[in-house]
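Coordinate inspection notes
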Amino acid sequence: MAITYRPEIDGLRALAVIPVVAFHSGLSFVPGGFAGVDVFFVISGFLITSMILRELDEERFSIFEFYKRRFLRILPALIVVIIATLLASYFLLLPVQQSEIARSGIYAVSFVSNIYFWRTQDYFRANSIEDPLLHTWSLGVEEQFYIVFPLLLILINYFFRQRFVFFVSLGCLVSFAPLLLIEGSGSAKFYLMPTRFWELGLGALVAMGVAPKLPKIAQSLVCFLALASLIASYAFLSDEDGFVGWLLIVPVCASAALIAYLPQTRIAFALSIFPLRYIGKVSYSMYLWHWPMLSFYFLIEGGIPSGVDLLIYALALFAVSAMSKEFLEDPIRYGWRPWSALRANVTALTSLAVVVLVCLIARDSLPKTVPISREIKSVSDYVYYTRTQEYQFQWRRGKCFVMDTHEQDDPTDKYGGFDPTHCLAQKKHGPNVLVIGDSHSAHIWRALEEKLPTANVMQASSTGCHPLLEDDEGRMKCRRLMMYIFEDVVPAGEIDAIVFAARWRTGDGPLLDDTLEAVNPFVDHVLVLGPTPEFASRVPIA
C-alpha cells in the first residue's frame, strides 16, 4: 500500500527550496534562507519513516527494495549534475579548479561529501561559492541517514517490540545536545549526520504519531503560528556569525508542526495550489542545479547575478529543473520500478563506480589536457593558495594563527589550537615584538619578521578576533586568547613593542583606547595598523 499523497507537503518543499535559492543568490530579505535545508531534512525523515513503518507493520519491508527506491530517486539527477559540472569546468575554468571540482565529485557521488567539506570548507565563508558541488553535503547527510536509520528501525522492531518512539527520541536528544553543550565545533555540527539526526528524527517522530490530537481550530492555530515562525526564521536568522546551531529548533519544529497538523486546514489548501505544488515536485532538481549555476557565474564574472542576470538565472534554473524531472528523473524512477532490487542496486552501484572512475581520471588527467600560458599557470597556482606550503610558512595557520576550523579539533583546548610556547617564545637579547590581532595581523607577521632581523617577532592571531580588552562580539576562544595576552603575557614586562592589526569596525575606537591605556605601562612602543585593503569581489577569470 502506497503512502497517501499529501500535496501540501510539496508546497512545503517549495517553501524550503525557494528561500535556499534566494539566500544563495544574495537576496537580503532572506538572511536565514539556509534553514530551508533543515525543512527538507524534517520532510525526508517524515516520509521515509512513514514508508518504513507501514511496510514493517505489513511485514513486507525489504532493505534492498528500500535502497533501490532511494537510488532511483537520488542518483540519476545527481550523476548528471556531477558530469555536467566536470564538463563545464573543462571549458570554463582553470586546470587547478578542474582538479578540485573532480575531487569534490568523487566524494559527492560516494555520499560522504559532507565529511570532505567538513575538513576543507566553511559553508558560510564568502569563498564557499567557488566549489560547484559544495551543496551536495546535504545529500551526504541524508544518504548516511538512509543507510543507518532503516537498520536501526529493523533492530528496534525485532528486539524491543516496536519501542520506536523511545529510541528515536533518545537519538534526537543525543544529536541535539552538542549544539547546546559543546562550544565551537561549528563546522562539525553543521556538516555531520550525527548532529543533524535530530532534524530527520523529529520528522520521523511525527510519522510515529507523537503529535497530540487537537481540535480542528487548534490545529489551524498551530499551523498558522508554525508557518509564521518558519517565515520569521528565513527573515531573521543570520549566518553572519557562522552556523546558528540550536536556533534551528525554530524552523525545524515549525516544519514538524506543519506536517503533523496541516491536513484539513486552510493553510494546507494554500500550500496545495499548483505553482507551489509544482515547484515542490521539482525542488530536488532545483536544489541540485541552483548551486553549480551560481558557482560558475561567480567564478567567471567575479560576483553573484543581480538585476537582469538574476532574472535570467531564475528562469534558466526553473527550466533546467523542470526538464530534469520530466525527461531524466521520472522516466528512470518509474520506468525502472519493475526491476528487481538486485538488478537496480547493482546497476546503481556500477554507475556510481563509473562516475568515481571518471572523476579520478578527470582529477589527475583533465588539467594536463588544457593548454595555458606560463603566466596564467603561475597565477592559477594561487587559486588554492591556502593549501600551499607557502601559505603555511607565511601565516603559521593552526599554531600562531588560529582559524575557526580549529575549534572543532578539541573542545577542551582553551585557545583553539594556539601554541604559546612556539608563538610567544621570548629572547633575552634583542627587542621582543608582539604582533596581535585577526587575520590582518597574520598577514603582516612574516613581513615584519623578515624586515626586522635583529628583533624577535612573536605572533598571536585568531581569525575574526579583534585585539581588544573588552569585545563582547568575539568568539569565546578569541576572548580567552586575548585575555591571556593582556592579563598574563603583557604584564610580565618582557615585551618591548606591540603591533595591533585588525579589520577594525566602526565603534572600536573607545575599546581600542582602553586597551592601549592598559598595555602602555608594560611596553615601550605601541603601533596600531589599519586594515589591509581588500577587493570587494573576486577577480573574474573570463
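Just above, that's the structure.
Quantities reported herein were computed from a predicted structural model and do not represent experimental measurements.

What about the overall build of the protein chain?
- Counting its secondary structure elements, the protein chain contains 22 helices and five strands.
- Against the 2.2 N^0.38 benchmark of 24 Å for 542 residues, the protein chain shows a C-alpha radius of gyration of 26 Å, consistent with a compact globule.
- Overall, the protein chain is about 85 × 60 × 50 Å in size when its C-alpha atoms are taken along their principal axes.
- Restricting the contact set of the protein chain to residue pairs at least 6 apart, pairs at least 24 apart contribute 78%.
- Summed over all atoms, the accessible surface of the protein chain reaches about 25900 Å², with 64% contributed by carbon and sulfur.
- Counting 44 positive and 51 negative side-chain charges, the protein chain places the centres of these two groups 11 Å from one another.

Points about helix 22 (residues 508-519)
- Helix length check: helix 22, at 12 residues, gives a terminal C-alpha distance of 16 Å against a target of 16 Å (1.5 Å per residue), a fit within 8%.
- Here helix 22 has its buried residues at Asp 508, Leu 512, Thr 515, Leu 516 and Val 519. Looking down the long axis of helix 22, one finds its buried residues gathered within 100° of arc, a one-sided arrangement. Those residues of helix 22 that are exposed and aimed more than 90 degrees away from the buried face are Pro 510 and Glu 517.
- Those residues of helix 22 that are buried are in contact with helix 21 (476-489), strand 4 (497-501) and strand 5 (525-529).

Overview of a nonpolar patch on the surface
- A surface patch of nonpolar side chains, about 710 Å² in accessible area, is lined by Ile 147, Val 148, Leu 152, Leu 155, Tyr 158, Phe 159 and Phe 160.
- Its location among the elements puts Ile 147 in helix 6 (residues 137-159).

A word on the packing of aromatic side chains
- Under the defined criterion, the tally for this structure stands at 24 aromatic pairs.
- For the pair Tyr 278 and Phe 318, a centre-to-centre distance of 6.0 Å together with 55° between the ring planes defines the contact as tilted. One end of the pair, Tyr 278, is in helix 13 (residues 274-281); the other, Phe 318, is in helix 15 (residues 308-335), with 40 residues separating them in the sequence.
- Here Phe 318 falls in the partly exposed class, since its relative accessible area comes to 37%.
- Among the aromatic residues, ring-to-ring pairing joins Phe 61, Phe 66, Tyr 67, Phe 145, Tyr 146, Phe 149 and Phe 197 into one connected group.
- Lying across the ring of Trp 339, Arg 343 places its NZ or CZ 3.6 Å from the centre.

Considerations on the environment of Leu 311
- You can see Leu 311 is positioned in helix 15.
- When the C-alpha atoms of Leu 311 and Arg 119 are compared, they prove to be 35 Å apart, with 192 residues separating the residues in sequence.

Some details on the side chain of Glu 143
- Along the chain, the position of Glu 143 falls in helix 6.
- No salt bridge forms around the buried Glu 143; measuring N to O, its nearest opposite-charge neighbour Arg 70 is 5.9 Å away.
- Ignoring sequence-local partners within four residues, the contact set of Glu 143 consists of Ile 74 and Phe 111.

Some remarks on the state of the cysteines
- Taken as a whole and judged by the stated rule, the model has two disulfides.
- One disulfide in the model links Cys 400 with Cys 423; its S-S distance is 2.0 Å. Negative torsions about the S-S bond denote left-handed disulfides, and the value of about -90° found for Cys 400 with Cys 423 makes this one left-handed. Remark: Cys 423 occurs in helix 19 (residues 420-423) and Cys 400 occurs in the loop between helix 18 (389-395) and strand 1 (401-402); sequence separation between them is 23 residues.
- With a relative accessible area of 0%, Cys 400 lands in the buried category.

Some words on the packing of helix 2 (residues 36-57) against helix 3 (residues 63-92)
- At a minimum axis distance of 12 Å, the contact between helix 2 and helix 3 shows a crossing angle of 155°. Classified by the angle their axes make, helix 2 and helix 3 are roughly antiparallel. When you trace helix 2 past helix 3, the crossing you get is right-handed. Taken together, the residues of helix 3 that come into contact with helix 2 (itself represented by Ile 48, Met 51, Ile 52 and Glu 55) are Phe 66, Arg 69 and Arg 70.
- Along the lines of polarity and charge, the residues of the contact of helix 2 with helix 3 split into four nonpolar, no polar and three charged.

Section: helix 16 (residues 341-365)
- Helix length check: helix 16 (25 residues) gives 35 Å between terminal C-alpha atoms against 36 Å at 1.5 Å per residue, within 8%.
- By the burial criterion, the buried members of helix 16 are Ala 341, Ala 344, Asn 345, Ala 348, Leu 352, Val 355, Cys 359 and Ala 362.
- In this fold, the buried residues of helix 16 make contact with helix 3 and helix 4 (95-109).

Procedures and definitions
Residues numbered from 1 in each chain as written. Predicted model: local features only at pLDDT ≥ 70, side-chain atom pairs only at ≥ 80, totals over all residues. Heavy atoms only, no water. Helix = DSSP H or I, 4+ residues; strand = E, 2+ residues; numbered from the N terminus. Rg over C-alpha atoms; globule rule 2.2 N^0.38 Å. Contact = heavy atoms within 4.5 Å. Areas by Shrake-Rupley, 256 points an atom, 1.4 Å probe, with all protein chains shown as cover. Lys, Arg positive; Asp, Glu negative; His and termini not counted. Charge placed at Lys NZ, Arg CZ, Asp CG, Glu CD. Expected span 1.5 Å × (residues − 1). Buried < 20%, exposed > 50% of the residue type's maximum accessible area, 1.4 Å probe, protein only. Arc of directions from axis to C-beta. Patch = residues over 30% accessible without salt bridge, like charges linked within 9 Å, V, L, I, M, F, W, Y side chains within 5 Å. Salt bridge = Lys/Arg side-chain N within 4 Å of Asp/Glu carboxyl O. Phe/Tyr/Trp six-rings, centres within 6.5 Å; stacked < 30°, edge-to-face > 60°. Lys NZ or Arg CZ within 6 Å of the ring centre and 35° of its normal. Disulfide = S-S within 2.5 Å. Axes fitted to C-alpha atoms, helices over the stretch in contact; angles between N-to-C directions. Parallel < 35°, antiparallel > 145°, perpendicular 65-115°, else oblique. Left-handed = near helix turned anticlockwise from the far one by under 90°. Nonpolar A, V, L, I, M, F, W, Y, C, P; charged D, E, K, R; others polar.

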